[in-house]
Amino acid sequence: IYGATRTLVRAPLQLSGLVIRPSIPELTRAYTEKNFTIINKLNKLNLKATLYSLLPISVIFLIFGKKIIFFISNGKIIAPYWLIVFLLLSIIFYGIWSCFSTILVSINKQKYFSYHYLFFVVASIALIYIFDFKNLEEIAFFMIFPEFIMIFLVYFKLKKINLVG
């Protein structure tokens, strides 16, 4: 249930990625030219595109998610409402920090966030095992934290190296 629901709920991220990934070459060019005005414009445009693609579809999933998942699974999967809610929060947070990180990816500086992300995800999974959570909603709830923390981590890394206005 968790995997199928997560896969369907993450569909808006694919749309978001289609919109922001083409900006990578332009961000790279702007960075090499030290054109921070263009970088800031593209970052803001990417964030708007991410939110405009994630939020409306997330609202649709909030309202009709159980029915959509039931229909797509041919009546085999009944996803709990809070599982959908927590997974949606997770993908919205992921979408935001992933959008922020696009400039770092464009200049090959994934090291500023990749190891942190790995640490936070592993820590969340470890806590799930330590507290012996078996409920899907509890597991999905714990998976929100790495995504939420990463928003701030990536944003402040960008601030530190003067890549966000």
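In the block above lies the structure referred to throughout.
Residues numbered from 1 in each chain as written. Predicted model: local features only at pLDDT ≥ 70, side-chain atom pairs only at ≥ 80, totals over all residues. Heavy atoms only, no water.

Caption draft 1: Layout of the side chain of S16. Its location among the elements puts S16 in helix 2 (residues 11-20). When sequence neighbours within four positions are dropped, the list of residues in contact with S16 reads T50 and S53. (Helix = DSSP H or I, 4+ residues; strand = E, 2+ residues; numbered from the N terminus. Contact = heavy atoms within 4.5 Å.)

Caption draft 2: A look at the packing of helix 2 against helix 5 (residues 81-106). Two elements in contact, helix 2 and helix 5, have axes separated by 10 Å at closest approach and are oriented at 15 degrees. By the angle class used here, helix 2 and helix 5 are roughly parallel. The handedness of the crossing between helix 2 and helix 5 is right-handed. Within the contact between the two elements, helix 2 uses P12, L13 and I20 and helix 5 uses I91, Y94, G95, C99 and T102. For the contact of helix 2 with helix 5, the per-class residue count stands at six nonpolar, two polar and no charged. (Axes fitted to C-alpha atoms, helices over the stretch in contact; angles between N-to-C directions. Parallel < 35°, antiparallel > 145°, perpendicular 65-115°, else oblique. Left-handed = near helix turned anticlockwise from the far one by under 90°. Nonpolar A, V, L, I, M, F, W, Y, C, P; charged D, E, K, R; others polar.)

Caption draft 3: Examining the pattern of salt bridges more closely. Tallying each qualifying case throughout the model produces three salt bridges. For the salt bridge of E26 with R29, the shortest nitrogen-to-oxygen distance reads 2.8 Å. In this pair, E26 and R29 both sit in helix 3 (residues 24-32), three residues apart, roughly one turn of the helix. By relative accessible area, which is 36% here, E26 ends up partly exposed. (Salt bridge = Lys/Arg side-chain N within 4 Å of Asp/Glu carboxyl O. Buried < 20%, exposed > 50% of the residue type's maximum accessible area, 1.4 Å probe, protein only.)

Caption draft 4: Focus on the nonpolar core. In terms of nonpolar packing, the biggest core is built from 37 residues, with V154 and L158 touching the most fellow members. Of all elements in the fold, only helix 3, helix 4 (36-72), helix 5 and helix 8 (144-160) reach the threshold of two or more residues within this core. Counting residues per element, this core draws most heavily on helix 5, at 14 residues. Sequence-distant contacts of V154, that is, excluding residues within four places in its chain, are made with W97, F100, S101, L104 and F113. (Core = buried A, V, L, I, M, F, W, Y, C linked by side-chain atoms within 4.5 Å.)

Caption draft 5: Structural context of the environment of I68. Turning to its location among the elements, I68 is positioned in helix 4. Exposure remark for I68: the relative accessible area of 26% places this residue in the partly exposed category. In this structure I68 touches I60 and F61, once residues within four positions along its chain are discounted.

Caption draft 6: Representation of unusual backbone geometry. Within the chain, N108 stands out as a residue other than glycine whose phi angle is a positive 60 degrees. The topology assignment puts N108 in the loop between helix 5 and helix 6 (114-130). With a relative accessible area of 60%, N108 lands in the exposed category. A positive phi is found at N162, a non-glycine position, where the angle reads about 60 degrees. With respect to the secondary-structure elements, N162 resides in the segment after helix 8.

Such coordinate-based values are descriptive only and should not be taken to indicate function.
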